[in-house]
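Chains, contacts and geometry: an overview
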Amino acid sequence: MSRKLIIPLMAAALLLGACERSPSAPAVDAGAPGGTVDASNPAGTQAGVPITLDGLAALAIAKLALTKPDAARTAQAQVDALKASLQAAEQSGDAVGAQKLRDQLRGLETSLVIGNLGLAVVDQLLPAVDAALKELRAKLDSLQAGGKDVKLPRAMADSAAVLLAKAKAQPATERGGALNLATQAGALIEAARRAAGLTAGTPGAPTPTPTPTPSGLWSTIETPRAWDYVPTPVSQSACAGQGAAYDVGPGQPLATPAQVPWLALRPCDNVRIHWQQNPYRDVVLLSNRGAANRYIRITGVPGPGGELPVLDGGGAKAAAGIPWLNPVLEGLGMIVVSPPKAYTYGFKPGYIEISNLEIRGARATGTYTNGAGQTVPWQRFASGIYIERAENVAIRNCHIHDNGNGIFQNSKFDEAAQSRYLLIEGSHVHDNGNAGSASEHNAYTEGVGTVYQGNWFGPTADGSYGDNIKERSAGITLRYNRIEGGVHLVALRDPQSNSQFERTQRDAWGSLLVNAAYVYGNVLVMRERPTFTTGWPETMVAFGDGTASYANIRGGTLYFHHNTVVSQSDQGVYQHRAAILFEVINDTGGPVVQARNNVFFAASATAGRTPTPFAVFYHYGNADFRSNWISAGWMGIDPNTHALGNVLRVDPAWNGSGISGTLGNAQNAPGFSSAAADDYHPAAGSQLIGAGTALGAEPVKTANAALREYVHPQSTQPRKPAAAPALGAFEF
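Notes on the structure follow. In this text the structure is predicted, and so the values were computed from the model without any measurement. (Residues numbered from 1 in each chain as written. Predicted model: local features only at pLDDT ≥ 70, side-chain atom pairs only at ≥ 80, totals over all residues. Heavy atoms only, no water.)

1. Some words on the overall build of the protein
Rules: Think of it this way: any DSSP run of H or I at least four residues long counts as a helix, any run of E at least two long counts as a strand, and we number them from the N terminus. Exposure is judged per residue with a 1.4 Å probe applied to protein chains only, and the accessible area is read against the type maximum: over 50% gives exposed, under 20% gives buried, and values in between give partly exposed. The contact criterion used throughout is that any non-hydrogen atoms of two residues lie within 4.5 Å. In these tables, accessible area is a Shrake-Rupley quantity obtained with a 1.4 Å probe, and a residue counts as shielded only by the protein chains included in the view.
The secondary structure content of the protein amounts to 10 helices and 43 strands. Taken over 732 residues, the protein has a buried fraction of 56%. Taking as baseline every contact in the protein between residues at least 6 positions apart, the subset at least 24 positions apart corresponds to 77%. Of the roughly 27000 Å² of accessible surface on the protein, a fraction of 55% belongs to carbon and sulfur atoms.

Pasting the structure below:
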């Protein structure tokens, strides 16, 4: 037998001896998977029974190794393989697959415990968990007497008590059920100890690192990296088994999100909110920070039909004592990401993933209960997710709808209050906004380095005059999305709240970030709705704010390639006589629209009617148009640009130059598979196939070539390689 195996077996022998003792001196888990301490001796001078399933399984494998080392190695390999697969599924956002693997792991560990320790271990386990719970409550009483807030760990202890009572009530014929309930209670006790900052020693094990105080959690300040248009990978690959798991929902250790110790989350922690028939109605503040490859993950576990867990703002509740950075933040979001009140200036929450959740109902037409216990309306600017002073936040595979704003990100003052590196991926965002208002949108963000990819942005709320996506970020990439509806499909306005700082930010190649925006591989669909009664033109893409505000910051180049743009309207229905492609209203910095390899398709909404034609510009801009397909009848400038006395007027007007290689046909037929079915892939024989041209140096240098394509709904796939690419968002 090798020396490497002898030492673990010696430790196992000690633990097995403790397991076979009389239960008169039960033990409690110290926090490590296989670690134990004696309840009557919390300093940890005597080994005892692990109270978590993971710890018991390790003990079972150690016992098996005493007589069958090969079988023990096989069992350990099976456990390790399942844990590795589970970690990979969690990192990829596969919540359904992760839950299946989690169930398989629990089943395997339960089988190992029963097969090697026997169900008699339950007689040791129940008093061990009971003693651990009593010890925890005594510690919490002491902490509370010292002035510490222990509401969250106490709620977790209460939930553990419920599970333990159910375990004790199981009949003798249901010892497996008692084992399952008792180990769930044990895991919850472990999480409560951690949330309260309690640790305990384990014989022969390193002293655990103490849980940092809140000031320690809220003091890390990271030097920003130069933006390279690539989002930070959402990963827990550096966790190596670290991190606590908080399971919320029916039959889980925590009943509601309010019981999660949000202010104690650390790198590698996982909060898993399980689907239930009724929505959850808890307001959440995320204030903590993970790290690169050590994300904090807040993820939903879908129901049997793939239903996402719902966080509903209608009748929601904000817990008392939430340490809002500013009281105004209460009522601004169902999930708020912001530093807390006691943070070190310059700290930002970060490396946070929010995934697999349906978030709705944070809108001024509804009410919630604030921390003072008052029922009040949501603020008009309330959002499904509200972000302020945060970085490396990823919103993935979420369904966000019927809020004031769907997603909002703010920046202000200086670097200490600058949001950075937001990723919105694979999400369905629609019907956000407020009727009669132009100030709220499906998404409205300002930061440094923002990426939208693989999303489905549906129409804004009925009666809303908001944009679909309104962006004030420095450093923008919108790729492989489907975006439909809104007064503007995409409004790339100038930086505002932190404009003096953001206008100086440079990318990894030294170029000013406000001088480039990348929009490619998208399907952009505009359909006129009769509720629009303003004089504003319905516009595909806006670029800048004009002379009226923010000093014409956004100049440079809008790189617009491999998009499929569809306008579906009968002529005379739009407020203007044209469907505007590019509303470029900044007249300094020489803004250029570099549009290559796109399809601009104008169709009528009613059979037999004439489509509203495209206008390339809303008065101003410099065109660099090559190899695009556009419906016949297009014009250079919207003829009604100033008919309504618009204050955004600028001079001089576009002179019509810069367009070459334009394709089209009298039949207005680009050769889609089925425009009537919203399928804009090129069909065999399409004029689009092989008609593309080179993009130029900048998109290639910055890794902004179209390498993938949108898959409906909310996904992407690799774009097929071709010697000469097809025009539009899809390859043949």
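Don't stop here, the text continues.
2. So, the pattern of salt bridges
The condition that has to hold: When a carboxyl oxygen of Asp or Glu lies within 4 Å of a side-chain nitrogen of Lys or Arg, that pair is called a salt bridge.
Applying the stated criterion across every chain, the model contains 35 salt bridges. A salt bridge links D678 to R482; the nearest nitrogen and oxygen atoms lie 3.2 Å apart. Residue D678 is found in the loop between β40 (672-674) and β41 (679-682), and its partner R482 is found in strand β25 (residues 482-484); the two are separated by 196 residues along the sequence. Since its relative accessible area comes to 7%, R482 is described here as buried. A salt bridge links R609 to D570; the shortest N-O distance between them is 3.8 Å. With R609 in the loop between β34 (599-603) and β35 (614-617) and D570 in the loop between β31 (564-568) and β32 (579-584), this residue pair connects regions lying 39 residues apart in the sequence.

3. Structural notes on the state of the cysteines
To keep things clear, this is the line we draw: By disulfide we mean two sulfur atoms from cysteines, separated by a distance within 2.5 Å.
Here the structure, examined in full by the defined rule, presents one disulfide. Note on cysteine connectivity: C239 is disulfide-linked to C268, with sulfurs 2.0 Å apart. One disulfide, between C239 and C268, carries an S-S torsion of -95° and so falls in the left-handed class. Here C239, found in the loop between α8 (214-217) and β3 (245-248), pairs with C268, found in the loop between β3 and β4 (270-274); they are 29 residues apart in sequence, far enough to count as distant.

4. A few points about the sheet that holds strand β9 (residues 333-337)
Paired through their backbone hydrogen bonds, the strands of a sheet run either parallel or antiparallel. Heads up, the condition is: Pairing between two strands is assigned when DSSP locates at least 2 bridges connecting them. An axis is simply a line fitted to the C-alpha atoms; with a helix, the fit covers only the stretch in contact. Between two such axes, the angle follows the N-to-C directions and lies from 0 to 180 degrees.
In space, the 11 strands of this open sheet follow the order β5-β9-β14-β17-β20-β23-β26-β29-β32-β35-β38, with parallel pairing throughout. The sheet is open, and its two borders are formed by β5 (284-286) and β38 (635-637), each paired with just one other strand. Strand-to-strand twist in this sheet, taken as the mean axis angle between neighbours without regard to direction, amounts to 10°. Both strand β29 (residues 539-543) and β32 contribute to a ladder of four bridges, which runs parallel. Counterpart to A542 in the pairing with β32 is E583.

5. Notes on the packing of helix α5 (residues 121-145) against helix α6 (residues 151-169)
For clarity, the cut-off: Geometric relationships in this document are graded by angle, where less than 35 degrees denotes roughly parallel, more than 145 denotes roughly antiparallel, 65 to 115 denotes roughly perpendicular, and other angles denote oblique. With the far helix as reference, a near helix turned anticlockwise by less than a right angle produces a left-handed crossing, and one turned clockwise produces a right-handed crossing. For this classification, Asp, Glu, Lys and Arg are treated as charged, while Ala, Val, Leu, Ile, Met, Phe, Trp, Tyr, Cys and Pro are nonpolar and the rest, including Gly, are polar.
Contact geometry of α5 with α6 gives a least axis separation of 11 Å together with a crossing angle of 160°. Taken as axis vectors, α5 and α6 run roughly antiparallel relative to one another. For the crossing formed where α5 meets α6, the hand is left-handed. Residues L126, V129, D130, L133, L136, R137, L140, D141 and Q144 of α5 pack against P153, R154, A157, D158, A160, A161, L164, A167 and K168 of α6. Residue classes in the contact of α5 with α6 are distributed as 11 nonpolar, one polar and six charged.

6. Section: unusual backbone geometry
The linkage connecting H712 with the following residue, P713, adopts the cis geometry, with an omega of -5°. If you check the backbone angles, R389 has positive phi at about 55° while not being a glycine. Looking at where R389 falls in the secondary structure, it is placed in the loop between β14 (383-388) and β15 (391-396). Here R389 falls in the buried class, since its relative accessible area comes to 10%.

7. A word on the side chain of R389
For the record, the criterion: Polar contacts, as counted here, are pairs of nitrogen or oxygen atoms within 3.5 Å of one another; within protein the pair requires one atom able to donate a hydrogen and one able to accept it, and residues that are adjacent in sequence qualify only if both atoms are side-chain atoms.
A distance of 3.1 Å separates polar atoms of two side chains, one belonging to R389 and the other to Y343. Apart from the residues within four sequence positions on either side, R389 is in contact with L325, P339, Y343, Y345, K348, P349, N410, K412, F413, A416, A417 and S419.

8. Notes on the sheet that holds strand β8 (residues 316-317)
Strand order in the open sheet made by the three strands is β8-β12-β13, with mixed pairing throughout. Both outer strands of the open sheet, β8 and β13 (375-377), are each paired with one neighbouring strand and no more. Of the strand pairs in this sheet, β8 and strand β12 (residues 367-369) are connected by two bridges, and their pairing is parallel. Its bridge partner being in β12, A316 is matched across the sheet by Y368.

9. Remarks on the packing of aromatic side chains
Heads up, the condition is: Here a pair means two rings of Phe, Tyr or Trp (six-membered ring of Trp) with centres within 6.5 Å. Their orientation is stacked below 30 degrees between planes, edge-to-face above 60, and tilted elsewhere. The rule for a charge over a ring is simple: NZ of Lys or CZ of Arg within 6 Å of the ring centre, and within 35 degrees of the ring normal.
Summed over the entire model, instances satisfying the criterion amount to 22 aromatic pairs. Counting every residue linked through ring pairs, the aromatic cluster contains W227, Y229, Y421, W509, Y518 and Y559. Lying across the ring of Y421, R225 places its NZ or CZ 4.6 Å from the centre.

10. A look at the nonpolar core
Threshold: The definition of a nonpolar core used throughout is a set of buried Ala, Val, Leu, Ile, Met, Phe, Trp, Tyr and Cys residues joined through side-chain atoms within 4.5 Å.
Core analysis: the biggest nonpolar cluster contains 137 residues, and I335, L492, L558, F560 and F582 have the highest contact counts within it. A per-element tally of this core places helix α7 (residues 175-196) first, with 11 residues. Beyond its immediate stretch of four places on either side in the chain, F582 contacts V541, L558, F560, V593, F600, A615, V616, F617, Y618 and F625.

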